[in-house]
Amino acid sequence: MIEISHLNKTFALKEGVVDAVHDVSLTIQDGDIYGVIGYSGAGKSTLVRCLNLLEMPDSGTLQINKTGPLTMENGKVYYGANKTPMREKQLNQMRRSIGMIFQHFNLLDRSTVFDNIAYPLKYSGMSRADIRTRVFELLELVDLMDKKDAYPSQLSGGQKQRVAIARALANRPKVLLSDEATSALDPEATESILSLLRSLNEKLGLTIVLITHEMAVIKAICRHVAVMEEGRVVETGNVYDVFAHPKENITRRFVASANALSRVDKLLKDDSQLVSVGKGETLIRMTFSKDSVGDAVISQISRDFNVSLNIVLASVEVLEGAPLGGMVSIIKGDPKDVTNALNWLKDHFVEVEVLKRG
Amino acid sequence: MAEFLEGIMPNVVAYQSRFITSLQQTVEMMVKSGILAFIIGLAFGVILTVCRKGGIRPNIVLYQLINIFVNLFRSIPFIILLIFLIPLTRAMVGTAIGVKGALVPLVFGCVPFYTRQVEAALASVDEGKVEAARSMGSGTLGLIFRVYLHEAVPDLIRVTTITIISLIGLTTMAGAVGAGGIGSFAINYGQNQNHQDIVNVCVLILLVFVCVLQFLGSFLARKTTNRGLFRKNHQ
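In this text, all values refer to a predicted model and were calculated from it rather than measured experimentally. Sequence positions are assigned chain by chain, starting from 1 and proceeding in written order. To label them, take the chains in the order written and letter them from A, then take the ligands in the order written and number them from 1. The predicted nature of this model means local features are confined to residues of pLDDT at least 70 and side-chain atom pairs, given and counted, to a pLDDT of 80 or more, with totals for whole chains, interfaces and linings taken over all residues.

**Digging into the overall build of chain A**
1) Next: When helices and strands are counted, chain A shows 12 helices and 16 strands.
2) Next: Considered along the principal axes of its C-alpha atoms, chain A spans approximately 80 × 50 × 35 Å.
3) Next: Expressed as a percentage of the 358 residues in chain A, the buried residues total 42%.
4) Next: With C-beta atoms placed from the backbone, a contact is any residue pair whose C-beta atoms sit within 7 Å. The contacts in chain A between residues at least 6 apart in sequence include a share of 67% that link residues at least 24 apart. Numbering goes from the N terminus for both helices and strands, where a helix is a DSSP run of H or I of at least four residues and a strand is a run of E of at least two. Any residue whose C-beta has 12 or fewer other C-beta atoms within 10 Å is treated as exposed, any with 20 or more as buried, and any in between as partly exposed, C-beta atoms being built from the backbone.

In structure tokens, the structure reads:
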């Protein structure tokens, strides 16, 4: 389990002091895939660097697996209940138990794939033969056996990230930190890296903390998510709940970014023909959730309330195995019938938002 | 052969033992001061990289000490440095003349230049690689040797080549403190005695020196890009 509590990190810049991470508390269960999403500058990168103390937090406590609890005060780190100052060596020891991968892979260009993966194993007291066996295991794990003598410049982005993952796992960490690991990859490579991460999570019980600015990544593999804005965590929970019922504005923006329905706002703004409503017509946005999708609500209301529905946009996706989505449509009929229909929808767990009345 | 050489450069042949000695002096100065400057400059360059603000072991005092030393000695023209350092040289090696006396100013003249070059070569190592190595638990020494120096090898070879070539230029001035070498041979036996063939041969010799070094440097830099200097086999 990873427990972060009241973590703070500020940077003193010329323009003033920046709260990169402000009073962040999070609990991440073992074996979870935990996403942290936020726009650039939200502090998510700093937060993840605080977990392996690449960035020394100003204050807060941190417990990862059995290491710790670590207490940070005035940019110094102490371990245990009686707050013993932590030495450089212990810090390095602790970092070895946490793997990390990066947006730009950060492989050594002058080393082969083999040597890159062997990097964390060398000078750790392991024999050459044991290192070789372990590297071969890892090459097998990330499916790059045939590239062991290649140099990073000879690999594709996806392959480089696989090497980086193998390297990060060399010391058998229980936790893997991923700092925008798919942001520099094309969609296909992104998909393959994400499925590799998912399978590592399942096979090795690896806890993965990943930060990203892409909703698609969160939707693809995360079980829990924290939304960050200006150094603060503004919303947490399991991915479905957070994105089905976003409470904060920023969360809504992320949901919209990955949702075809958000296009209606642009259409409205541009006064498009598609969303023009005549007399007696109402433009509505319906959002379905776990309990409502699947019911034939559309045909039911058009039958029972004598209204007609013209679908403008529709999108339903599957999040954690449950459908989530919605529809933008123009509803037409007697005003009383329309009101009744909308009320009925609300009673059946469909969120209804009136965008425009004719 | 001997007759042919005597025909085109009579004075070089006449002074051939002096000429050979001069060559030996130049090589000796280059090798000795080169090795010293290489070690000190590399160490200084590493210290500047590691101790700078935001480096892996920030240490403003050590950084500024070396920084000021480098700036100070880089701004003194070498011929002035030669005579300026005479008291120090005498204190350090017991004499201020001859090859031995030239070594100290040569090192002082070369180290600041080389330090800056090494610093630039190390600065070209991507910070991300350093961060990744830190995340894998590498300590300061690991970061220096396994990341900075390891990744910068081709660049270090390039800057070392440039430095050695500029060192040749410095050794030719060492004649001013009686260290001999090709430079003083060209002036004393060539220019002063109006033997143009001696000057020409000296130019030619230096040209060959520079060409060979540059070729070797470029070759090694190319060879070490993307591969280990000595390739290991994991079969």
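Continuing now.
**Examining the overall build of chain B**
1) Next: Secondary structure summary: chain B contains 11 helices and zero strands in total.
2) Next: Helices (α) and strands (β) of chain B occur, in sequence order from the N terminus, as α-α-α-α-α-α-α-α-α-α-α.
3) Next: With respect to the principal axes defined by its C-alpha atoms, chain B has extents near 70 × 50 × 25 Å.
4) Next: By residue count, 40% of the 235 residues in chain B fall in the buried class.
5) Next: Of the contacts formed within chain B by residues at least 6 apart in sequence, a portion of 68% connects residues at least 24 apart.

**A short note on the interface of chain B and chain A**
1) Next: Contact with chain B, which involves 17 residues of that partner, is made by 22 residues of chain A.
2) Next: It is helix α8 (residues 127-135) of chain B that contributes the most residues to the side of chain B that touches chain A, six residues altogether.
3) Next: Along the lines of polarity and charge, the residues of the side of chain B that touches chain A split into three nonpolar, nine polar and five charged. Three classes are used: nonpolar for Ala, Val, Leu, Ile, Met, Phe, Trp, Tyr, Cys and Pro, charged for Asp, Glu, Lys and Arg, and polar for all others, with Gly counted as polar.

**Considerations on the nonpolar core**
Note that soluble globular proteins tend to have their nonpolar side chains buried in a common cluster.
1) Next: By convention in this section, buried Ala, Val, Leu, Ile, Met, Phe, Trp, Tyr and Cys residues joined through C-beta atoms within 7 Å make up a nonpolar core. Counting residues in hydrophobic clusters, the biggest one holds 129 residues, and the most contacted among them are Ile117 and Ala166 of chain A together with Cys110 of chain B.
2) Next: In terms of residue count, the dominant contributor to this core is helix α7 (residues 98-123) of chain B (14 residues).
3) Next: With residues near it in sequence (within four places) discarded, Ile117 of chain A still touches Val135, Leu138, Leu139, Val163, Ala166, Arg167 and Ala170 of chain A.
4) Next: Counting residues in hydrophobic clusters, the runner-up holds 20 residues, among them Met286, Val312, Met327 and Ile330 of chain A.

**Describing the domain arrangement of chain A**
Residue and element names in this part refer to chain A.
1) Next: Where each domain starts and ends comes from a domain assignment, either automatic or drawn from a database. Along its sequence, chain A is carved into domain 1 (2-97 + 173-257) and domain 2 (261-357).
2) Next: Taking the mean C-alpha position of each, domain 1 and domain 2 sit 37 Å from one another.
3) Next: Top contributing element to the side of domain 1 that touches domain 2 by residue count: helix α8 (residues 239-244), with four residues.
4) Next: Among the residues forming the side of domain 1 that touches domain 2, the class breakdown is five nonpolar, no polar and two charged.

**Observations concerning the sheet that holds strand β10 (residues 207-212) of chain A**
Residue and element names in this part refer to chain A.
1) Next: At least two DSSP bridges between two strands are required for those strands to pair. Ordered in space as β8-β9-β10-β3-β11-β12, the six strands form an open sheet in which the pairing is mixed. Single-partner strands in this sheet number two, and they are β8 (98-101) and β12 (232-238). Strand after strand, the sheet turns through a mean of 15 degrees between neighbouring axes, direction not considered.
2) Next: Bridging between strand β9 (residues 175-179) and β10 involves five bridges; their strand directions are parallel. Residue pairing for β10: Ser178 is matched across the bridge by Leu210.
3) Next: In the packing of helix α1 (residues 44-51) onto the sheet, the strands contacted are β3 (33-37), β8, β9, β10 and β11 (224-229), and the crossing angle to β10 comes to about 155 degrees. Lines fitted to the C-alpha atoms define the axes, with helices restricted to the stretch that makes contact. Angles between their N-to-C directions range from 0 to 180 degrees.

**With respect to the sheet that holds strand β13 (residues 281-288) of chain A**
Residue and element names in this part refer to chain A.
1) Next: Read from one edge of the open sheet, four strands run β14-β15-β13-β16, paired in antiparallel fashion. Looking at which strands have only one partner, the edges of the open sheet turn out to be β14 (308-319) and β16 (351-357). Put simply, the sheet's adjacent strands are angled 15 degrees from each other on average, direction ignored.
2) Next: Note that β14 and strand β15 (residues 322-332) share 11 bridges and pair antiparallel. Across the sheet, the residue bridging to Asn310 is Ile330, located in β15.
3) Next: Strands β13, β15 and β16 of the sheet are contacted by helix α12 (residues 335-347), whose axis makes an angle of about 150 degrees with β16.

**Quick word on the pairing of strand β6 (residues 76-79) of chain A**
As a general feature of sheets, a regular strand has side chains that alternate between the two faces.
All names here are of chain A.
1) Next: Judged from the two bridges that link them, β6 and strand β7 (residues 84-85) form a sheet pairing that is antiparallel. From the neighbouring strand, Tyr78 faces β7, where its bridge partner is Pro85.
2) Next: As consecutive antiparallel partners, β6 and β7 are separated by four residues, and within that stretch Gly80 has a phi angle of approximately 75 degrees, a positive value.

**Concerning the packing of helix α3 (residues 16-51) of chain B against helix α4 (residues 60-74) of chain B**
All names here are of chain B.
1) Next: Interhelical geometry of α3 versus α4 gives an angle of 135 degrees and a closest axis separation of 9 Å. Between α3 and α4, the angle is such that the two are oblique. The element α3 and its partner α4 pack so that their crossing is left-handed. Of the residues in α4, those touching α3 at Phe44, Ile47, Leu48 and Cys51 are Leu62, Tyr63, Ile66 and Asn67.
2) Next: For the contact of α3 with α4, the class distribution of residues is seven nonpolar, one polar and no charged. Oblique is the label for any angle not under 35 degrees, not over 145, and not in the 65 to 115 range, which are roughly parallel, roughly antiparallel and roughly perpendicular in turn. Crossings are assigned a handedness: left-handed for a near helix turned anticlockwise from the far helix by less than a right angle, right-handed for a clockwise turn.

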